[in-house]
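Reading the structure
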Amino acid sequence: MNPQTDSGKPGSLKEIQAAEAKLLVQTYERNPLLFVSGQGVRLRDEQGNEYLDLLSGIGVCALGYQHPAITGALQQQSHGLLHTSNLFYHRGTSELALRLTEITGLDRVFFCNTGTEAWEAALKLARAHALRLRSQGRKIGTGILAMEDSFHGRTMGSLATTHKLKYREPFEPVMPGVSFVPFNDVEALRAAFSSDVCAIAIEVIQGEGGIHPVSPLFLAAARELCDSTGALLLLDEIQSGMGRTGRWCAYQHYGIQPDVTTLAKPLAGGVPIGAMLCSEEASRALAPGMHGTTFGGNPLACAVAIAVIDEIKQSRLLDHVASLGGYFLGRLRELQTRFPCIREVRGMGLMIGVELESESLARQTLQDMMEHRIILNRTHETVLRFLPPYILSRGDVDHTIDALSELLATHSRFSTQPTAVVDGEKIHG
Ligand SMILES: *Cc1c(COP(=O)(O)O)cnc(C)c1O
């Protein structure tokens, strides 16, 4: 950001960039920022600049940075055990599972370490469940219906249910048996469904796909179709769950209960953990030895996840997320009435997308916001995505709206002048 004061001294941004360029497999395009600490909803870079973080590490740091509930749990657990393996008991797994079954309305939990692993477990459970039904003489196949514009992770099974060709194609053949249905198209879902299908896979709010909530009719149709054959309804809440939308799970806004759900990102506020939750009936498909993981449900991750859940309850953060999210959405929609370059504002609670008229405008806005020291990101090319910590305040929202409003006003003035074309695509169009 500031080349004069950051000229390649040891541990500087420049030096780290050079080292990573040489040493890391180049899977990421990073922003040129080097964060060294954080407090509340703010991150601090190596030069002491503070940034308002509206992304929370892609929806992970739900309690912000250095939250006493998390630092306390980490400190306490550092004097206990970090790992035992799943060959033995420890106190954390059942304590966390009890909380997760209470908040989701599901019966049993399988713990793992990431989102994609939770989703893999869900897919494997669906296949095993169908096998069990077949062994009882029921007619049910192995097909999986996933949604267009879906994202479920990067391992081979999760990837097979992830729609974007760019993610999937270089690694083919991925897991077979998956068909994609246009999201929220009830007729297409009914047409694609048959007794060959063992699961319907849905993100209640598509995250990477641009913050698109499932429609109530579509979700109800998926539930009804699954009930008609014994197929499982798999709802991926890795991004939308754990309070992000003002309820523990986004499906609770719809009054529809899945057979299986997956949680991860904010579950332990930054410590890696994933969980696949399922009904008692579905859980019967997995017997000892059929699935497992070395690290899953370790004492450290469980202790921190318990602390996160208890803090969300004690500080009534679901109510805060719901009301602040409503305020944030309202203020963004106000902006939309002033700036026609905002195509749509979507979201629930603190999971919000602002669709702009072009990819280049979205890129530019993101970069300008970074210069205003506000962190967010872009998804599905044209959508600005907000996944702030739950502890965000009204003042933080007002500050964000002021910055966005200023930027868009500048852009609007700029783009009305024929000589100053901001939108690169228009040059070629
Ligand atoms: C992030 C995400 C995943 C994958 O989680 P990882 O922890 O990155 O493996 C899966 N599904 C959804 C909806 C996600 O947002």
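This one's a predicted model, so the numbers in the text were calculated from it and none came from an experiment.

A few words on the overall build of the protein chain. Tallying secondary structure elements over the protein chain gives 15 helices and 17 strands in all. For the protein chain, whose C-alpha radius of gyration is 22 Å, the value lies close to the compact-globule estimate of 22 Å for 429 residues. Taken over the C-alpha atoms alone, the protein chain extends approximately 70 × 55 × 45 Å along its principal axes. Nonlocal contacts in the protein chain, meaning residues at least 24 apart in sequence, comprise 71% of its contacts between residues at least 6 apart.

Further remarks concern the site of the ligand. Every residue close to the ligand is listed here: Thr114, Gly115, Thr116, Phe151, His152, Gly153, Glu203, Asp236, Ile238, Gln239 and Lys265. A distance of 3.4 Å is found between a nitrogen atom of the ligand and a backbone nitrogen or oxygen belonging to Phe151. With respect to the ligand, the side chain of Lys265 contributes an N or O atom lying 2.6 Å from an oxygen atom. When the ligand is considered free in solution it has 390 Å² of accessible area, and contact with the protein chains removes 81% of it.

Okay, the domain arrangement of the protein chain next. By domain assignment, the protein chain separates into domain 1 (1–26), domain 2 (31–60 + 320–416) and domain 3 (69–314). Taken over C-alpha atoms, the centre of domain 1 sits 26 Å from the centre of domain 2.

Position of His129 relative to the elements: it lies in helix H5 (residues 115–135). Excluding residues within four positions of it along the chain, His129 makes contact with Gly230, Leu232, Glu281, Ala282 and Ala285.

The residue Ser279 is located in the loop between strand E12 (274–278) and helix H10 (280–283) in this model. Of the polar contacts made by the side chain of Ser279, one reaches the backbone nitrogen of Ala282; its length is 3.1 Å. If we skip the residues at most four places from it in the chain, Ser279 touches Leu106, Asp107 and Asp259.

Right, let's get into the sheet that holds strand E1 (residues 35–39). Overall, mixed pairing links the four strands, which are arranged E1-E2-E3-E15 in an open sheet. The sheet is open, and its two edges are formed by E1 and strand E15 (374–375), each paired on a single side. Looking at chain direction, strand E3 (residues 50–53) and E15 are connected through two bridges and run parallel. By the bridge assignment for E15, Asp53 is matched with Ile375.

With 94% of its residues at a pLDDT of 70 or more, the protein chain shows a mean pLDDT of 94. Segment residues 1–6: pLDDT under 50, and twelve contacts once partners within four positions in sequence are set aside and those in other chains are kept. Low confidence marks residues 417–429, where pLDDT is under 50. Its contacts with residues over four positions away, or in another chain, come to 13 contacts.

So, about unusual backbone geometry. The amide bond that connects Glu172 to the next residue, Pro173, takes the cis arrangement and shows omega of 5°. Along the chain, the position of Pro173 falls in the loop between helix H7 (165–168) and strand E6 (178–181). For Asp149, which is not glycine, the phi torsion reads 70° and is therefore positive. Residue position: Asp149 is located in the loop between strand E5 (143–147) and helix H6 (156–160). You can call Asp149 partly exposed: its relative accessible area is 34%. At Glu381, a residue that is not glycine, the phi angle is positive and equals roughly 65°. Its place among the elements puts Glu381 in the loop between strand E16 (377–379) and strand E17 (383–386). Residue class for Glu381 comes out partly exposed when judged on its relative accessible area of 36%.

Each strand in a sheet pairs with another by means of backbone hydrogen bonds, the pair being arranged parallel or else antiparallel. With respect to topology, four strands assemble into an open sheet ordered E13-E14-E17-E16, the strand pairing being antiparallel. Sheet topology places strand E13 (342–348) and E16 at the edges, where each strand pairs with a single neighbour. Between one strand and the next, the sheet's axes are offset by a mean angle of 30°, whatever the strand orientation. Sheet topology note: the E16/E17 ladder contains three bridges and is antiparallel. From the neighbouring strand, Thr379 faces E17, where its bridge partner is Val383. Strands in contact with helix H12 (residues 317–338) are E13, strand E14 (351–356) and E17; relative to E13, the strand with the most contacts, it is inclined by about 170°.

Each value, and the rule that gives it
- Residues numbered from 1 in each chain as written.
- Predicted model: local features only at pLDDT ≥ 70, side-chain atom pairs only at ≥ 80, totals over all residues.
- Heavy atoms only, no water.
- Helix = DSSP H or I, 4+ residues; strand = E, 2+ residues; numbered from the N terminus.
- Rg over C-alpha atoms; globule rule 2.2 N^0.38 Å.
- Contact = heavy atoms within 4.5 Å.
- Near = heavy atom within 4 Å.
- Polar contact = N/O pair within 3.5 Å; in protein donor to acceptor, adjacent residues only side chain to side chain.
- Areas by Shrake-Rupley, 256 points an atom, 1.4 Å probe, with all protein chains shown as cover.
- Domains from an automatic or database assignment.
- Pairing = 2+ DSSP bridges.
- pLDDT = per-residue confidence, 0-100.
- Buried < 20%, exposed > 50% of the residue type's maximum accessible area, 1.4 Å probe, protein only.
- Axes fitted to C-alpha atoms, helices over the stretch in contact; angles between N-to-C directions.

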